[in-house]
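For reference, the chains in residue letters:
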Amino acid sequence: MKNLSSKKVLIIYTGGTIGMKNTEQGYAPVSGYLLGELNKIDDLNRDGMPKWDFVETDTLLDSSNISATEWNNMAKSIVDNYNLYDGFVILHGTDTMAYTASALSFILHGLDKPVVLTGSQIPLCEVRSDARDNLITSIIIAGEGKAKEVCLYFGGKLLRGNRSTKTSADHLVAFDSPNYPHLAEVGIEVKYNKGALGNFGGNLEYRPFSPVPIGVLKVFPGIQFGLFESIITEKLSGVVLETFGAGNIPGGGDELLPIIKKAFKAGAVVTVCSQCVAGSVSLGTYETSSALKKAGAVSGKDMTTESAVAKLYHLFSMGYTTDQIKVLMEENLAGELTD
Ligand code: ASP
């Protein structure tokens, strides 16, 4: 390993399994506990490791409870400490880690340093925990400074944050980015995939999210779209429609078409993503998806649902018009889709 002792990394602990303590009520995050455990791991302070500081958020959360407020707070900690550190590691629950990684890629515009999200499937306090490797490797990646973007390290893979998705509830290799090459494979060495690393650097700008009303609707055989009409047209600004395959919906859109038109008139944007983990939406390829295009829905192309949700938050929070958002949803802004 390269000597990284001149590098400085800030660890931001937000909650999740990685730092949970075995209490009488089961695993739970306990304030102050994780830092004590990290201080017992000599390897974290070995010669050659980056120096690190540790902060924990006011409330440690199971990541199911993370919302736009926490995304803004995490980003703000990075912005406030940006010049003091070479890289950042965010310790986070696995359940919504891919959403947070996607969100931060939009909030931290112009990022030029690594922000590595990680966590674990088994708490650090357990013998077979995957936390130790995930944490140590993430600190090294953050210190090395090669992946200058929001990324997610888990189980030997470094992934682009806004391309990542949680693929397993119990495997230790729990994430993947089916539509984007891994940024690095980690075995004996950290082998970066130079062609896949992004270059988003410029002047770091903090672009926080507002609490935009966003919804995700997964279609299924026999769905009665009419039941969802009032939610889509009156309550939501952004809708991610998770369709079959390349963007297909039941009934050729007869029922959905007028709803999408009405939603668009009311200022909402319907984005079509796929229920498949790999591949891209291609509206108009089949008769069953043409209706969506005609009605004014936009293609999420090969974006993950996590990323489409984050991008809708971002674009509405930036104050763009509905017409502008429709155009930008189909453009690559932060490495989230393939043009
Ligand atoms: N429920 C936990 C969380 O997402 C799961 C985990 O961390 O693996 O916070």
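Residues numbered from 1 in each chain as written. Predicted model: local features only at pLDDT ≥ 70, side-chain atom pairs only at ≥ 80, totals over all residues. Heavy atoms only, no water.

### A closer look at the overall build of the protein chain
Basically, it comes down to this: We count a stretch as a helix when DSSP gives it H or I for four or more residues in a row; a strand needs E for two or more, and each element gets its number in order from the N terminus. Buried, partly exposed and exposed residues are distinguished by accessible area as a fraction of the type maximum, computed with a 1.4 Å probe on protein chains only: under 20%, between the cut-offs, and over 50%, respectively. In what follows, a contact means two residues having at least one pair of non-hydrogen atoms within 4.5 Å. Only the protein chains shown count as cover for residues, and the accessible areas themselves come from Shrake-Rupley with a 1.4 Å probe. In this tally Asp and Glu are treated as negative and Lys and Arg as positive; neither His nor the chain ends contributes. Charge placement uses NZ in Lys and CZ in Arg. For Asp and Glu, CG and CD serve respectively.
Counting its secondary structure elements, the protein chain contains nine helices and 18 strands. Seen along its three principal axes, the alpha-carbon backbone of the protein chain occupies a region of about 65 × 45 × 35 Å. Buried positions account for 54% of the 339 residues belonging to the protein chain. For the protein chain, the proportion of contacts with a sequence separation of at least 24, taken over those separated by at least 6, is 73%. Accessible area for the protein chain stands at about 14,700 Å²; split by element, carbon and sulfur atoms hold 49% of it. Once the 30 positive and 37 negative side-chain charges of the protein chain are each reduced to a mean point, those two points are 5 Å apart.

### Structural notes on the packing of aromatic side chains
What counts, and what does not: Each aromatic pair joins two rings of Phe, Tyr and Trp (for Trp, the six-membered one) with centres within 6.5 Å, and gets the label stacked for planes under 30 degrees apart, edge-to-face for over 60, and tilted for any other angle.
Tallied over the entire structure, the rule returns seven aromatic pairs. Aromatic pair tryptophan 71 and phenylalanine 209: ring centres 5.9 Å apart, planes at 90 degrees, arrangement edge-to-face. In this pair, tryptophan 71 sits in helix 2 (residues 68-80) while phenylalanine 209 sits in the loop between strand 14 (205-206) and strand 15 (214-218), placing the two residues 138 residues apart along the sequence. Taking the relative accessible area as the measure of exposure, tryptophan 71 reaches 6% and is therefore buried.

### Quick notes on the site of the ligand
In plain terms, the rule: Whether a residue is near a molecule or strand depends on its heavy atoms: if one lies within 4 Å, it is near. Gly is put with the polar residues, along with every residue not named as nonpolar or charged; the nonpolar set is Ala, Val, Leu, Ile, Met, Phe, Trp, Tyr, Cys and Pro, and the charged set is Asp, Glu, Lys and Arg.
Surrounding the ligand, one finds Gly16, Thr17, Asp62, Ser63, Gly93, Thr94, Asp95, Ser120 and Gln121. Protein chains bury 90% of the 270 Å² of accessible surface belonging to the ligand in isolation. For the shell around the ligand, the residue count by class is no nonpolar, seven polar and two charged.

### With respect to the pairing of strand 17 (residues 269-274)
Side-chain direction in a regular strand flips from residue to residue, so the side chains alternate between the two faces of the sheet. Using the following cut-off: Here, strands pair whenever DSSP counts at least two bridges between them. Handedness is read with the strands pointing away from the viewer; a crossover is right-handed when the path from the first strand over the helix to the second is clockwise.
In terms of burial, strand 17 is largely enclosed, as six of its six residues are buried. Bridging between strand 16 (residues 238-243) and strand 17 involves six bridges; their strand directions are parallel. Paired with leucine 241 across the bridge in strand 17 is valine 272. Between the parallel pair strand 17 and strand 18 (residues 298-299), the chain is carried across by helix 7 (residues 287-295), and the sense of this crossover is right-handed.

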